[in-house]
Amino acid sequence: MTSNGKPKFAMYWAASCGGCEISVLNIHEKILDVDANFDVVFWPVAMDAKYKDVEAMEDGSILLTLFNGAIRNEENEHIAKLLRKKSQILVAFGSCANEGCMPALANLSPIDEIVKTAFSTISTDNPNHIQPQTSYQAPEGELKIPKLFPIVRTLDQVVDVDYYMPGCPPESHQIAAVIDLVIQVLQGKAELPPKGSVIGAGPSTVCDECTRKRGLKTIHEFKRIQHVQIDPEICLLEQGILCSGPATRSGCKALCPSANSPCIGCYGPAEGVLDYGARLLTAVASVIDSNDPNEIQHIIEGIPDPVGMFYRFNLAGSLLRASKPAWDTK
Amino acid sequence: MAKERIGVYVCHCGTNIAGTVDVEDVSRWAGEVLKDRGVVISRDYKFMCSSLGQELIQKDIKEQGLTRVVVAACSPHLHEATFRNACKIAGLNPYLSELVSIREQDSWVHTDKAVATEKAKAIISGGVERTIWQTPLDPLKVPINPTTMVVGGGIAGIQAALEIADGGFPVVMVEREPSIGGHMAQFDKTFPTLDCSACILTPKMVQVGSHPNIQLLTYAEVTNVSGYVGSFQVTVKQRARSVNVEDCTGCGICQEKCPKKVIDEVFEAGLGYRKAVYTPFPQAVPKYPVIDRENCTYYIKGTCKACEKFCPTGAINFEQEDEYLTFDVGQIILATGWDLFDARRIPQYGYGRLANVFSNLEFERLSNAAGPTGGKIVMRDGITVPKTVGIVHCVGSRDKNYNNYCSAICCMQSLKFAHLVHERTGAEVYNFYIDMRTVSKGYDEFYQRLLDEGTHFIRGKVAEITDAAREPGEEGKLIIQVENTLVGKQMRIPVDMVILSSGLEPRHDTKEVAHLFGISCSADGWLLERHPKLDPVATMTEGIFIAGCLQGPKDIPTSVAQGAAAAARVVGKIQQKEISMEPIKASINQDKCSGCRICNNLCPFNAISFIEDRMVSEVNPALCQGCGTCVAACPAGAISGTVFSDQAILAQIDGLLLKNVKPLELVAG
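Residues numbered from 1 in each chain as written. Chains lettered and ligands numbered in written order. Predicted model: local features only at pLDDT ≥ 70, side-chain atom pairs only at ≥ 80, totals over all residues. Heavy atoms only, no water.

> Give a description of the overall build of chain B that names residues and reports values.
Broken down by element type, chain B carries 16 helices and 34 strands. Residue burial in chain B is summarised as follows: out of 669 residues, 55% are buried. Looking at chain B as shown, the accessible area adds up to about 29,000 Å², and 52% of this sits on carbon and sulfur atoms. (Helix = DSSP H or I, 4+ residues; strand = E, 2+ residues; numbered from the N terminus. Buried < 20%, exposed > 50% of the residue type's maximum accessible area, 1.4 Å probe, protein only. Areas by Shrake-Rupley, 256 points an atom, 1.4 Å probe, with all protein chains shown as cover.)

Set out below in structure tokens:
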């Protein structure tokens, strides 16, 4: 890799969907600024590169690495550790790297169950019940695929992380702002925030950016959006729609609530909150307006899939991190 | 953070702790292993709460320059204040001390000494970690409103109100029924002295009614309570009496002329009638009647108005409406009393099905000279005098099918009934008891008197009361089937009349009352005192006291004593003129608050308000009691509570898990 004098930039995807990469490309012509100011040395989705090229780089030679995706398998962990070593600034980019996101909902099940489900459901065409092996002796030699870990982890549960950029995916305007900031820092016009900061997001919660009218909250029934005519003016939670906005970090301009859809919590916990799901759960439980245990039970039954609702993005990053069966898998 | 100098003190509590926990080992461990965490001294002592134990702490604070104190002893309920005060005297901010429980949460609940010792170490480790995060706090002083509200006008409430009012302080008394007096007003005689109940009660009722320091509200209920000790705001619903009390003279003409008779289920226990416009009994206080709108012909059909026609002062007011009144009071005494166990729930005793099975309240009215029979003890037909009477003790009490507890008054009440039946009818009386409990002054002497009077006492729980005759001599009688456990024999005893000594139960709406006033109930449903021995009339909510049977079954002398005790507590507080409030408060970080309003209607003390123009919520520190409800509920983590910060709690958990001394590797994979 030849040096052109520009600082080096890398981006990587571990256990993720690829949405984060698309969001980066959605910054449109701003991507030219990235190219003008950085030498992109490693970005599997955008350019060809080999792991051995990265391994060959000098430690700390990459200025900025945006790492998206959770740590699901040995390969994810290996590259996370590798990029940590090679990078000056490592950013946990997007919900998966920050808090586990959807892939971490697998932490509710042991791996054998996950694999079994993936390869033998009724909709799976797999007559010989073939399941993946971590190693296979082919005529050409041993073939290996990375081993799955019992639980999905966040990036900072594996390596030291400098900054956190939440969102599923991070909003493009926030990415553009962060890139602008880094460029200004390079030009000596600005300073980096303290290590460990959350960047590309607001300090409070989605409600702060939401324009809906807010009154006192008293919930008698939880409703799903397909079953009701939503009032476009009034707070969704007050309408009985389980909106995660009160617990979710601001930064998205309340995109979902402004489209009559409840916030699902992709920007993760607000500043200083340790367990997003527990926070949201106690908040929602607090506004259920009944003292009758049977009625309360009935109201709560209106929440389908509570773990998926309250820990949709945050299971790996929560205090519990996984259910016991998943944790126990060795 | 500057490293703290922490002192750890492990209490033996005699053998309460030292019997199950190796306190010397725990103390040595804390001194050595927690040294890195700032522990500079660790001691064990026989009774930390003794003055010598406290002096030990004070000496160390001064000589060793301690900045934190962790005492491992009993529950904070008991001695948190003791040790905080000890620290304060020695010049250390009291909130920099921490009392961790190795008695209630350790020695008392374990038998294995090795395990309990390890647990004590973990608990202390948690306390040490937590205390590092504490900050000095100063108590808030607030003035106390000298007015007291007494809720419930039975004998306990009456006593409390009079004690306070006589002490020169204003009282607002609220009673649900049209008159004060409570259950005691229904009784004929009181055990064991057989004083006339009305004769000793009514003078006190009159005093309440005429006392210049007492504002009496009857036919009224508390609907809302907010505020805190020293400054409660109470909303009272004054139900419409349909009588202008300013004009009414209590002459009683309206009651005489009212054509509508109603069965009196409350005062006469269903044995007698009252009118639709009524006072429950002639000596009622206040003297003003009420119109029972559910039964009044005018309210049902729109015509009648007999009372209005005959009222000499024009006091009847059909248009009167319910009123909501608010009162500012400093303290509240609850004395809402009890409900009678409904003996219909024991079908084999036949109450409600067999005519001559009576409840105890019915018998009280039957034997009362002012009752529906003028004190004649007769059977349900109203004329026949019974020749044999059976009295069943423990109905619905000491019975795991109904209530486990002893109702405390039934033995003596049943003996009183036996005596009255003897005296007035000469009938043979059989008392069926499980155990005879006559523990108070003069009670057992009364039992001896009954034995001399020839009452038959049969020790055994009654199995059944039936009118199905099986043997000659049983026809037309009620037969009591019982095992006499003293002779080990089944018996069938035919009687003319049965009196069931039903037990006492919490008022049907005790739970709502508890919720309204922010206090708790025991598993049996009685209201919970702050400490069963040492603080029997206070509750866990500052400024709210309880007296009488709402705390558990008790007799009249005990209820009176509790009423007076609650009054003494209240007056003591008023004399202090201001109250030091715990500085444990919640506060909202205005930068983090997004104004989602989740917390707005959670605060039991109404301390949170929403500031419209800035779109944030705020806590009023004078109203906040530091309960933590909003801290837990805030989805943004914008509310924090002093002393219970997230850092302090998480540090304590880490300490409990000994992560501070041997970090655990928890990550799988």
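Here the narrative resumes, following the displayed structure.
> Summarise the sheet that holds strand β6 (residues 148–151) of chain B; cite the residues concerned and give the values.
Residue and element names in this part refer to chain B. As summarised here, the arrangement of the 5 strands in space is β10-β7-β6-β18-β29, forming an open sheet in which the pairing is parallel. Each of the sheet's edge strands pairs with one partner strand only, and the pair in question is β10 (214–217) and β29 (544–546). With strand direction ignored, the average angle separating the axes of adjacent strands in the sheet is 20°. Note that β6 and strand β18 (residues 331–334) share 4 bridges and pair parallel. (Pairing = 2+ DSSP bridges. Axes fitted to C-alpha atoms, helices over the stretch in contact; angles between N-to-C directions.)

> Explain the interface of chain A and chain B residue by residue, including any values.
Residue-level contacts link 28 residues of chain A with 26 residues of chain B. Carbon and sulfur atoms supply 59% of the area that chain A and chain B bury against each other, a total of about 2,300 Å² over both sides. By the criterion of area lost to chain B, the three top residues of chain A are Arg214(A), Leu216(A) and Arg279(A), representing 25% of everything that side buries. The tally of links between chain A and chain B comes to 1 salt bridge. Between Asp646(B) and Arg279(A) there is a salt bridge, and its shortest N-O distance comes to 4.0 Å. At the junction of chain A with chain B, the criterion picks out 11 residue pairs in polar contact (both at pLDDT 80 or more). Here the side of chain A that touches chain B is composed, by residue class, of 13 nonpolar, 8 polar and 7 charged. (Contact = heavy atoms within 4.5 Å. Buried area = accessible area lost by both parts, 1.4 Å probe. Salt bridge = Lys/Arg side-chain N within 4 Å of Asp/Glu carboxyl O. Polar contact = N/O pair within 3.5 Å; in protein donor to acceptor, adjacent residues only side chain to side chain. Nonpolar A, V, L, I, M, F, W, Y, C, P; charged D, E, K, R; others polar.)

> Break down helix α7 (residues 172–186) of chain A for me, with residues and values.
Residues lying three or four places apart along an α-helix face the same way, a consequence of the helix completing one turn every 3.6 residues. All names here are of chain A. In this model, α7 (15 residues) spans 21 Å end to end at C-alpha, consistent with the 21 Å of a helix rising 1.5 Å per residue. Turning to α7, its buried residues are Ser172, Gln174, Ile175, Ala176, Val178, Ile179, Val182 and Ile183. Downstream of α7 by a residue or two, Gly188 has a phi angle that is positive, lying close to 75°. (Expected span 1.5 Å × (residues − 1).)

> Requested: an account of unusual backbone geometry, with residues and values cited.
What you tend to see is this: most non-glycine residues have negative phi, and most peptide bonds are trans. The linkage connecting Cys168(A) with the following residue, Pro169(A), adopts the cis geometry, with an omega of -10°. Geometrically, the link from Val285(B) to Pro286(B) is a cis peptide bond, its omega value of 5° lying close to zero. Counting through the fold element by element, Pro286(B) comes out in the loop between β15 (277–278) and β16 (290–291). Of note, Lys253(A) is a non-glycine position whose phi angle comes to about 65°, a positive value. Tracing the backbone shows Lys253(A) in the loop between α7 and α8 (255–258). A residue is classified by how much of its surface remains accessible, and Lys253(A), at 54% relative accessible area, is exposed. Despite not being glycine, Ala269(B) shows a phi value in the positive range, around 55°. Following the sequence through the fold, Ala269(B) ends up in the loop between β13 (261–264) and β14 (272–275). When its relative accessible area of 15% is taken as the criterion, Ala269(B) is described as buried.

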